[in-house]
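Notes for the structure review
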Amino acid sequence: MAWAAAVILFWAWTLPFTEPTDPVICTFSQDCVLPCSFTPTGDENCNMQDSGAYQCYTSTKQGNTNNIVNMEVHAPIQSVNIKKIGNEVKCLSQDIYPRPNVSWTTEPSTQSDTLKDKNPIRENNSSELYSVESKVRMLGNVSDYTYICSVTSADGKQKWTTSLRHQELHGGNMLIPCLAPGAFKPHNFTLKWTIARENNSEVILTFDSVTRQILNHWKDQARVDPDQVLKGNGSLWFHNLENSAEAGTYICEFSAFRNQHLVYTDITLAPQPHRDNQGF
């Protein structure tokens, strides 16, 4: 008969004594497992202070055994965001451990020295977790470059990439460019176009690369080419973009697992000439 081991986990758990339950029926000459349950005390979630060596003690008829288990608590990258503030582009991520690595590139490419941030990582003294708050100054004109930020875990097993491009156009019949950078090559992704006005935002359309389904809220006024989107070209074609309510910032977003690309396009519309209706 195989006897179940009594296990004590020091530092983390306690084993309260309970009265015997109904008997467990075992079969002669067969293995039999005797159940043993316990209720953990305190918070079950791991934090950085839980890292360390844990001792596991077992006692059976054959003897006693001590095992040491070293536990490390890691906080993986959950998300990476990018945004333009003034003449800078910021890359943000929170609550990571161990310390991650941050890198910047552009399309078209530039010298790496122009994109260095001296202090991209900050440590929270209370939680011991790291946060990414990296920023680079925009180069040349606002629409000259796509800025690409990559956050990589210390062991290299996780890499999140996000990129941003900012451009300006004027109204009328137009094509708003949105080209994913060369590094964006996921098999499954979504494309979403939205317009951000002063007081609200509105989804224009969405596209799913798996189903190739387009949900178009602006009907015949806006469209994308599904075949081109699958090649990384999410450019949006507008027909007769002249209404002042359609002015604003148009946001093109490619989204995939650990990968995101954003294009912000500011659309300004020329004022329409005043028409005198007298005589008609």
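By the naming in an unreviewed UniProt entry, the chain is Ig-like domain-containing protein, taken from Anguilla anguilla. Turning to the chain, the UniProt annotation filed under Subcellular location (unreviewed entry) states: "Cell membrane".

Looking now at the overall build of the chain. Secondary structure summary: the chain contains one helix and 18 strands in total. For the chain, long-range pairs separated by at least 24 residues make up 56% of all intrachain contacts whose partners lie at least 6 apart in sequence. Entry remark: accessible area of the chain is about 18500 Å², with carbon and sulfur atoms responsible for 49%.

The next point concerns the nonpolar core. Counting residues in hydrophobic clusters, the biggest one holds 24 residues, and the most contacted among them are Leu191, Trp193, Ile204, Leu236, Phe238, Tyr250 and Phe254. Where this core is concerned, the elements lending two or more residues are β11 (172–176), β12 (190–196), β13 (201–208), β16 (236–241), β17 (248–256) and β18 (259–268). Element by element, the count of residues in this core is highest for β17, at four residues. Counting residues in hydrophobic clusters, the runner-up holds 22 residues, among them Cys91, Tyr147, Cys149 and Val151.

Right, let's talk about the side chain of Thr249 for a bit. Relative to the helices and strands, Thr249 resides in strand β17. Reaching out from Thr249, the side chain makes a polar contact with the side chain of Asp266 at a distance of 2.7 Å. For Thr249, the contacting residues outside a window of four places in its chain are Thr194, Ile195, Ala196, Tyr264, Thr265 and Asp266.

A word on the state of the cysteines. Evaluated as defined, the whole model comprises three disulfides. One disulfide bridge connects Cys91 with Cys149, the sulfur atoms lying 2.0 Å from each other. Because the torsion about its S-S bond is -75 degrees, the bridge between Cys91 and Cys149 counts as left-handed. On the criterion of sequence distance, the pair formed by Cys91 in strand β5 (residues 88–96) and Cys149 in strand β9 (residues 146–152) is long-range, its members being 58 residues apart. No difference in accessibility class separates Cys91 from Cys149, as the two residues are buried. Disulfide partner of Cys178: Cys252, at an S-S distance of 1.9 Å. Across the S-S bond linking Cys178 and Cys252, the dihedral sits near -75 degrees, which makes this disulfide left-handed. Of the two residues, Cys178 sits in the loop between β11 and β12 while Cys252 sits in strand β17, which places them 74 residues apart along the sequence. For the pair Cys178 and Cys252, a shared accessibility class is recorded, and that class is buried. What connects to what in the chain, once the bonded cysteines are numbered by sequence position, is 1-2, 3-4, 5-6.

Another aspect to go through is the sheet that holds β18. In spatial order, the strands read β6-β9-β10-β18-β17-β12-β13-β14; together these eight strands make up an open sheet with mixed pairing. Because the sheet does not close on itself, it has two edges, and the strands there are β6 (101–107) and β14 (214–216). Shown here is a sheet whose adjacent strand axes are inclined to one another by a mean of 15 degrees, direction ignored. Of the strand pairs in this sheet, β12 and β17 are connected by seven bridges, and their pairing is antiparallel. By the bridge assignment, Ala196 is partnered in β17 with Thr249.

Looking now at the packing of aromatic side chains. Counted by the stated rule, this structure contains nine aromatic pairs. Arranged with centres 6.1 Å apart and planes meeting at 20 degrees, the rings of Tyr97 and Tyr130 form a pair that is stacked. You can see Tyr97 sitting in the loop between β5 and β6 and its partner Tyr130 sitting in strand β8 (residues 130–137), a full 33 residues away along the chain. By relative accessible area, which is 29% here, Tyr97 ends up partly exposed. The class for Tyr130 is buried, based on a relative accessible area of 14%. Here Trp218 and Phe238 contribute two aromatic rings whose centre-to-centre distance is 5.7 Å and whose plane-to-plane angle is 65 degrees, an arrangement assigned as edge-to-face. Pair noted here: Trp218 is in the loop between β14 and β15 (222–223) and Phe238 is in strand β16, with a separation of 20 residues, a long-range link. In this structure an aromatic cluster arises from ring pairing among Phe184, Phe189 and Phe254.

Pairing is antiparallel across the open sheet formed by four strands, whose spatial order is β4-β5-β8-β7. Edge positions in the sheet fall to β4 (81–85) and β7 (121–123), since each has one partner strand and no second. Taken over all neighbouring pairs, the strand axes of this sheet differ in orientation by 25 degrees on average, direction set aside. Across three bridges, β7 lies against β8 in antiparallel orientation. Counterpart to Glu123 in the pairing with β8 is Tyr130.

Definitions and cut-offs
Residues numbered from 1 in each chain as written. Predicted model: local features only at pLDDT ≥ 70, side-chain atom pairs only at ≥ 80, totals over all residues. Heavy atoms only, no water. UniProt positions renumbered as here; feature names shortened; annotations may be inferred. Helix = DSSP H or I, 4+ residues; strand = E, 2+ residues; numbered from the N terminus. Contact = heavy atoms within 4.5 Å. Areas by Shrake-Rupley, 256 points an atom, 1.4 Å probe, with all protein chains shown as cover. Core = buried A, V, L, I, M, F, W, Y, C linked by side-chain atoms within 4.5 Å. Buried < 20%, exposed > 50% of the residue type's maximum accessible area, 1.4 Å probe, protein only. Polar contact = N/O pair within 3.5 Å; in protein donor to acceptor, adjacent residues only side chain to side chain. Disulfide = S-S within 2.5 Å. Pairing = 2+ DSSP bridges. Axes fitted to C-alpha atoms, helices over the stretch in contact; angles between N-to-C directions. Phe/Tyr/Trp six-rings, centres within 6.5 Å; stacked < 30°, edge-to-face > 60°.

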